[in-house]
Amino acid sequence: MTLSTELQSETPSKLSVQHISKRYRSGGREVHALDDVSLEVGEGEFICLVGPSGCGKSTLLNIIAGLEFADEGRLYTAGAPITGPGRDRMVLFQEAALFPWLDVLDNVLFGLKLKPGLSGAERTEVAQFYLKLVGLEKFTKSYVHELSGGMKQRVALARALAPNPRVLLMDEPFAALDALTRQQLYGDLQDIWQQHRKTIVFVTHNVREAVCLGDRVALFSPHPGRIKEQFTITLPRRRDINSIELARYAIEITAALKGDARPSDEYAI
Amino acid sequence: MKHLLRALLFFVLALVAWEALFRAKIWSPVLVPSPVSVGRYLYEAAVDGTLWDATLVTMRRLLLGYGFGIALGLPLGLLTARFRIVKDTLGLVALGLQTLPSVCWVPLALLWFGQSETAMFFVVVMGTLWSMIIATDNGVRNVPPIYARAARTMGSSGLQLWFRVMLPASLPYIVSGMKQGWAFAWRSLMAAEIYVTILSGFGLGNLLHYGRELNAMEQVIGIMFVIIVIGLLADKILFSPWEKFLHRRWGTAK
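Residues numbered from 1 in each chain as written. Chains lettered and ligands numbered in written order. Predicted model: local features only at pLDDT ≥ 70, side-chain atom pairs only at ≥ 80, totals over all residues. Heavy atoms only, no water.

**So, the overall build of chain B**
- When helices and strands are counted, chain B shows eleven helices and zero strands.
- When the helices and strands of chain B are read in sequence order from the N terminus, they spell out α-α-α-α-α-α-α-α-α-α-α.
- The principal-axis extents of the C-alpha atoms in chain B amount to approximately 75 × 55 × 30 Å.
- A burial count over chain B gives 44% of its 254 residues as buried.
- Long-range pairs, those at least 24 residues apart, make up 72% of the contacts in chain B between residues at least 6 apart in sequence.
- Entry remark: accessible area of chain B is about 14100 Å², with carbon and sulfur atoms responsible for 71%. (Helix = DSSP H or I, 4+ residues; strand = E, 2+ residues; numbered from the N terminus. Buried < 20%, exposed > 50% of the residue type's maximum accessible area, 1.4 Å probe, protein only. Contact = heavy atoms within 4.5 Å. Areas by Shrake-Rupley, 256 points an atom, 1.4 Å probe, with all protein chains shown as cover.)

**Some remarks on the interface of chain A and chain B**
- On the chain B side, the residues contacting the 23 residues of chain A number 20 residues.
- Taken together, both faces of the contact between chain A and chain B bury some 2100 Å²; the carbon and sulfur share is 66%.
- Here chain A is connected to chain B by five residue pairs in polar contact (both at pLDDT 80 or more).
- At the level of elements, strand 6 (89–92) and helix 3 (104–113) of chain A are the ones that each hand at least two residues to the side of chain A that touches chain B.
- With three residues, strand 6 of chain A is the single largest residue contributor to the side of chain A that touches chain B.
- For the side of chain A that touches chain B, the residue count by class is 14 nonpolar, five polar and four charged. (Buried area = accessible area lost by both parts, 1.4 Å probe. Polar contact = N/O pair within 3.5 Å; in protein donor to acceptor, adjacent residues only side chain to side chain. Nonpolar A, V, L, I, M, F, W, Y, C, P; charged D, E, K, R; others polar.)

**Some thoughts on helix 4 (residues 84–98) of chain B**
Residue and element names in this part refer to chain B.
- With 15 residues, helix 4 extends 20 Å from end C-alpha to end C-alpha; this agrees with the ideal 21 Å at 1.5 Å per step.
- The largest bend in helix 4 comes to about 35°, at L90.
- When helix 4 is considered as a whole, its buried residues turn out to be V86, G91 and A94.
- Lining the buried residues of helix 4 we find helix 3 (50–82) and helix 6 (117–141). (Expected span 1.5 Å × (residues − 1). Bend = angle between axes of the 7 residues up to and from the residue.)

**Some remarks on the environment of T118 of chain B**
- Considering the arrangement of structural elements, one finds T118 of chain B in helix 6.
- In the structure, T118 of chain B is positioned 69 residues away from G49 of chain B in sequence and 25 Å away in space, judged by C-alpha atoms.

**A look at unusual backbone geometry**
- The residue after H223 of chain A, namely P224 of chain A, is reached through a cis peptide bond having omega -5°.
- Looking at where P224 of chain A falls in the secondary structure, it is placed in the loop between strand 9 (216–221) and strand 10 (226–232).
- Not every positive phi belongs to a glycine, and K25 of chain B is a case in point at roughly 55°.
- Note on K25 of chain B: relative accessible area 62%, which makes it exposed.
- Even without a glycine there, the phi angle at N215 of chain B is positive, about 55°.
- Position of N215 of chain B relative to the elements: it lies in the loop between helix 10 (204–213) and helix 11 (217–250).
- On the basis of relative accessibility, which here comes to 58%, the residue N215 of chain B falls in the exposed class.

**Here's the deal with the packing of helix 3 of chain B against helix 9 (residues 171–195) of chain B**
Residue and element names in this part refer to chain B.
- Between helix 3 and helix 9, the shortest axis-to-axis distance is 10 Å and the interhelical angle comes to 140°. On the basis of their axis angle, the class for helix 3 and helix 9 is oblique. The way helix 3 lies across helix 9 gives a crossing that is right-handed. Across the interface between the two elements, T58, M59, R61, L62, L63, Y66, I70 and L74 of helix 3 pack against I174, M178, K179, G181, W182, A185, W186, L189, M190 and E193 of helix 9.
- Grouping the amino acids of the contact of helix 3 with helix 9 by side-chain chemistry returns 13 nonpolar, two polar and three charged. (Axes fitted to C-alpha atoms, helices over the stretch in contact; angles between N-to-C directions. Parallel < 35°, antiparallel > 145°, perpendicular 65-115°, else oblique. Left-handed = near helix turned anticlockwise from the far one by under 90°.)

**Some thoughts on the sheet that holds strand 8 (residues 199–204) of chain A**
Residues and elements named next belong to chain A.
- Pairing is mixed in the open sheet, where six strands are placed in the order 6-7-8-3-9-10. In this open sheet, the two edge strands, each paired with only one partner strand, are strand 6 and strand 10. Going across the sheet, the axis of each strand differs from the next one's by a mean of 20°, ignoring polarity.
- Of the pairings in the sheet, the one linking strand 7 (residues 167–171) to strand 8 comprises five bridges and is parallel in character. Opposite M170, over in strand 8, you have F202 as the bridge partner.
- Of the strands in this sheet, strand 3 (46–50), strand 6, strand 7, strand 8 and strand 9 are in contact with helix 2 (residues 57–65), which crosses strand 7 at around 145°.
- In the packing of helix 5 (residues 149–161) onto the sheet, the strands contacted are strand 6 and strand 7, and the crossing angle to strand 6 comes to about 175°. (Pairing = 2+ DSSP bridges.)

**Side note on the packing of aromatic side chains**
- Counting across every chain of the model gives 20 aromatic pairs over all chains.
- Ring geometry for W112 of chain B against F113 of chain B: centres 6.2 Å apart, planes inclined by 85°, an arrangement best described as edge-to-face.
- The rings of F46, F174, Y186, W193 and F202 of chain A are connected pair by pair, giving a single aromatic cluster.
- Cation over ring: R159 of chain A sits above F99 of chain A, and NZ or CZ is 5.1 Å from the ring centre.
- One residue, K25 of chain B, lies across the ring of F22 of chain B, its end atom 5.7 Å from the ring centre. (Phe/Tyr/Trp six-rings, centres within 6.5 Å; stacked < 30°, edge-to-face > 60°. Lys NZ or Arg CZ within 6 Å of the ring centre and 35° of its normal.)

**Describing the domain arrangement of chain A**
Residues and elements named next belong to chain A.
- Splitting chain A by domain gives domain 1 (9–88 + 167–269) and domain 2 (98–164).
- Each of domain 1 and domain 2 was reduced to a C-alpha centroid, and the two centroids are 25 Å apart.
- Domain 1 puts 16 residues into the contact, and the matching count from domain 2 is 15 residues.
- A buried area of about 1300 Å², summed over both sides, lies between domain 1 and domain 2, and 64% of it is on carbon and sulfur atoms.
- Here domain 1 and domain 2 share one salt bridge between them.
- Residue D188 is joined to R154 by a salt bridge in which the shortest nitrogen-to-oxygen separation is 2.9 Å.
- Linking domain 1 to domain 2 there are four residue pairs in polar contact (both at pLDDT 80 or more). (Domains from an automatic or database assignment. Salt bridge = Lys/Arg side-chain N within 4 Å of Asp/Glu carboxyl O.)

**Comments concerning the pairing of strand 10 of chain A**
Residues and elements named next belong to chain A.
- In this sheet, strand 10 lies alongside strand 9 in antiparallel orientation, the contact comprising six bridges. Considered in strand 10, the bridge of A218 is made with Q230.
- A loop of four residues connects strand 9 with strand 10, the two strands running antiparallel in sequence, and H223 in this loop sits at a positive phi of about 50°.

Spelled out as structure tokens, the structure:
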């Protein structure tokens, strides 16, 4: 395999979630996390799952990642059933989950080393390519604790992109960052997604964030977790989180969200 | 540099005070030897080779037993962390035996192995093994679950996951377990050497013991110094590099 073919995006995958249900026990109570949830995500589509805490959106993401299993229902990526974690689906967590015993480059190489068919030099070149893509080519030899929160998530993004997955699963990856860093990452993520098309499933409880990033926003409602409503966002890219058009969508979705909100729930708009 | 000078000055003053007390003849010179005679003993023991031989014998026993204890304790600790049944059996044994001061193994070792190197080896291993098992087990249990989740999504599983993620992630705990194991091994070996004479080799503990028998106080104190110096050097040579590594990678305080 040559480097150029390795760097070429694989075709982004169609993701099919069919009638997924999931219950688990928590503190002696049975939680109906997901109830007959079905979702079709097109090739290269950017979909955001939004909803209050406990609506099952993160559970669904974990099930797609293969880290948890559904009680009922089926999942397919590119027509193949999901039976566990796989290199075709990479995950970005809220915490960067970088490994402190490795430097930045070795963190990005971690997943690449498990991918067959590449020489050591090619792997390093691929890793450096993605570090450059996220703007951290000068930090290859840094250690994790030396990076800021935003830089850590950039490394995590490079690490997730490096094995060239077809689907990228993101679980509130920017929630712990400050507003300014977050806004910068919204822009960069949109650019990267447009250059290297991936099917992206992005979980958040920030409505504006969802509207800014997603082609589509799926609104979840809790107890039991269901998809309540879906919105297609037709705004042109690259979107600015502070634009008025974006705010209009956000207001509409927030109104729909508040339909089942309890007083204790808070939403960022 | 300022700290070094201050420390140096302190020790010089302490030596002067010691010599002054010796000259005041408050206590019998048999009980309180002069620092000069301690120095002379160490010099002579170094020149005629007894000091080096004893140090070599002791270090060989220590490193052999310690190395074996680590090499055995690490995988056993991984097993107790991985398998519930090992935790419920071996884990409990380790927890219990770790509270036993390792010098308490000496009588048993003598009965089982006689006055032999094997007995010494056994005592040092017992000093190291249990704390190593517990530290490793504890280390793995304290690895943030997100590391394993992230690794699994990247295709890591089975032994690869254990050796590339769980083991390095628990290094901070493992290193402190190794340090504790070292302290236990060192103390138990000294106790064993003082307690029993083994003809296959006289260690530092033996020299200490004979110093008492011969009423040679300068020998007793001289050997105590050597034991302290070895303890300090071991800390520098064996553990400093690891701690520097941890500090550099994890960003933890020194």
